[in-house]
Amino acid sequence: MRFGYNERCLEHDTGERHPENPDRLRAIRRGLAKRHGVEYAEADPATRGEVVAVHDAEYVDELETFVADGGGSWDPDTVVSEGTWDAALSSAGLSQWAARSALDGDDGRDTPFALGRPPGHHAVPDDAMGFCFFNNAAVAAQTVLDDGAADRVAIFDWDVHHGNGTQDVFYDRGDVFYASIHEEGLYPDTGALDETGRGDGEGTTANIPLAAGAGDADYRYAIDEAIAPALGRFDPDLLIVSAGFDAHRHDPISRMRVSSEGYALMTDQIRTVTDEIGAATAFVLEGGYGLDTLAEGVSMVHETFDGRTPVSDDDDPDEKTESLVAELREQLDLS
């Protein structure tokens, strides 16, 4: 894969004890150094205008002023430092690079993956929250739509937390499809099964809130039985994967049971779907707070595109998962 990376993303200083800290990117880089075929690319930061395309101008101004005044705690979880503004613009710019590169034909071993921080999927149009300031995946999607490089974009979020910000940006629009598999009841406690879009966006949101303890078989089943057919019907030009790795069984802040091999299997599933529907594919880093499991998860995505065949098990999904998927299929009329 080709990984987008920018040293400015290290300048967002959240403090030594904060789970979303610069060591996340350092750990990923160390893990990738042991792998074959890794390439890095730089990207220009997003412009203020490109960020305002999905965020309220008043909020963007407020954040810029807060950073200029030295930062501090935006909320109990979301820390601002003097480097946050440049890091956030750089992280959004890396996501734009990934989306544009994919639509320009980078695929296979050249599939783009934006390694940016701070993450983005909790950032709502008018506020920062959940470690996120600018919604990187949303900025990237809006950019390629505005560029005319794509008419329809899909975003699939496998982070353990629901991407409430991404959903909010596109909830009433028909040109962006948002799908999320997340842990039920976990922060920010959004993403209910019956949230399927509004107005022009009716049917373009799909949420699968899995019960705590769900693992590889549950995720694979949800993708095969709900996400894949929904993507096929939507027929996007580009699929952006909001790739968090905090559903890993050893991540410190979730209760899910996805294995490192599970991320390889999900990657292979998504690659199969996009190949079938002819969509470009780009990855954007979201969460993941165990340094070893985060690095391993990103490496598994890379190795899958580098030619390694994932190893599947014979486990069956939980009955709760099957019931959730059946209900979502009915709501989205996928039968």
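Structure shown above.
Rules behind the numbers
- Residues numbered from 1 in each chain as written.
- Predicted model: local features only at pLDDT ≥ 70, side-chain atom pairs only at ≥ 80, totals over all residues.
- Heavy atoms only, no water.
- Helix = DSSP H or I, 4+ residues; strand = E, 2+ residues; numbered from the N terminus.
- Buried < 20%, exposed > 50% of the residue type's maximum accessible area, 1.4 Å probe, protein only.
- Contact = heavy atoms within 4.5 Å.
- Areas by Shrake-Rupley, 256 points an atom, 1.4 Å probe, with all protein chains shown as cover.
- Lys, Arg positive; Asp, Glu negative; His and termini not counted.
- Charge placed at Lys NZ, Arg CZ, Asp CG, Glu CD.
- Salt bridge = Lys/Arg side-chain N within 4 Å of Asp/Glu carboxyl O.
- Axes fitted to C-alpha atoms, helices over the stretch in contact; angles between N-to-C directions.
- Parallel < 35°, antiparallel > 145°, perpendicular 65-115°, else oblique.
- Pairing = 2+ DSSP bridges.
- Polar contact = N/O pair within 3.5 Å; in protein donor to acceptor, adjacent residues only side chain to side chain.
- Right-handed = clockwise from strand over helix to strand, strands pointing away.

Attention now goes to the overall build of the chain. Scanning the chain from N- to C-terminus turns up 10 helices and 10 strands. If you line up the chain on its principal axes, its C-alpha atoms span 55 × 45 × 40 Å. Put simply, the chain has 335 residues, and 60% of those count as buried. Residue pairs at least 24 apart in sequence account for 77% of intrachain contacts in the chain once pairs closer than 6 positions are excluded. With the model as given, the accessible surface of the chain reaches about 12700 Å², and the carbon-plus-sulfur share is 41%. Averaging the positions of the 25 positive and the 68 negative side-chain charges in the chain gives two centres separated by 6 Å.

Per the stated rule, a full pass over the model turns up 17 salt bridges. Between Arg 24 and Glu 20 there is a salt bridge; the shortest N-O distance is 2.9 Å. For the pair Arg 24 and Glu 20, a shared accessibility class is recorded, and that class is buried. One connected set of salt bridges, linked through shared partners, spans Arg 35, Glu 261, Glu 296, Glu 303 and Arg 308.

Here the focus is the packing of helix 7 (residues 216-234) against helix 10 (residues 319-331). Between helix 7 and helix 10, whose axes approach to 10 Å, the crossing angle comes to 10 degrees. As judged from the angle between their axes, helix 7 and helix 10 are roughly parallel. Taking contact as the criterion, the partners of Asp 218, Tyr 221, Ala 222, Glu 225, Ala 226 and Pro 229 in helix 7 are, on helix 10, Thr 321, Glu 322, Val 325, Leu 328 and Arg 329.

This next bit is on the sheet that holds strand 7 (residues 176-183). Strand order in the open sheet formed by eight strands is 2-1-5-10-9-6-7-8, and the pairing between neighbours is parallel. Only two strands of the sheet have a single neighbouring strand rather than two, namely strand 2 (39-41) and strand 8 (205-210). Across the sheet, the mean angle separating the axes of adjacent strands is 20 degrees when strand polarity is ignored. Against the sheet, helix 9 (residues 291-305) engages strand 1 (2-4), strand 5 (112-114) and strand 10 (280-285), with an angle of about 165 degrees to strand 10.

Topologically, Thr 14 is positioned in the loop between strand 1 and helix 1 (23-32). Residue Thr 14 is classed as buried on the basis of its relative accessible area of 11%. Of note is the side chain of Thr 14, whose polar atom sits 2.7 Å from the backbone oxygen of Glu 20.

Burial analysis of strand 6 (residues 153-157) places five of its five residues in the buried class, the great majority of the element. Side chains Val 153, Ile 155 and Asp 157 of strand 6 all project onto a buried face; the interleaved residues Ala 154 and Phe 156 project onto the opposite face, where all are buried too. Note: strand 6 against strand 7, five bridges, orientation parallel. Bridge pairing in strand 7 places Phe 156 opposite Ala 179. Handedness of the strand 6-helix 6 (residues 164-170)-strand 7 crossover: right-handed. With five bridges joining them, strand 6 and strand 9 (residues 238-243) adopt parallel strand pairing. What sits directly across from Phe 156, in strand 9, is Val 241.

This part covers unusual backbone geometry. Look at the link from Arg 117 to Pro 118: it is a cis peptide, with omega at 5 degrees. Here Tyr 187 and Pro 188 are connected by a cis peptide whose omega angle stands at 0 degrees. In this structure, Pro 188 sits in the loop between strand 7 and strand 8. A positive phi angle is found at Asp 189, which is not glycine, with a value near 60 degrees. Counting through the fold element by element, Asp 189 comes out in the loop between strand 7 and strand 8. Of note, Asp 235 is a non-glycine position whose phi angle comes to about 55 degrees, a positive value. Topologically, Asp 235 is positioned in the loop between helix 7 and strand 9.

Here we take up the environment of Val 160. By secondary structure assignment, the location of Val 160 is in the loop between strand 6 and helix 6. The buried category is assigned to Val 160, whose relative accessible area is 0%. Residues Val 160 and His 182, spaced 22 residues apart in sequence, show a C-alpha to C-alpha distance of 4.5 Å. Aside from chain neighbours lying at most four places away, what touches Val 160 is His 182, Glu 183, Leu 186, Asp 246, Ala 247, Ser 254 and Met 256.

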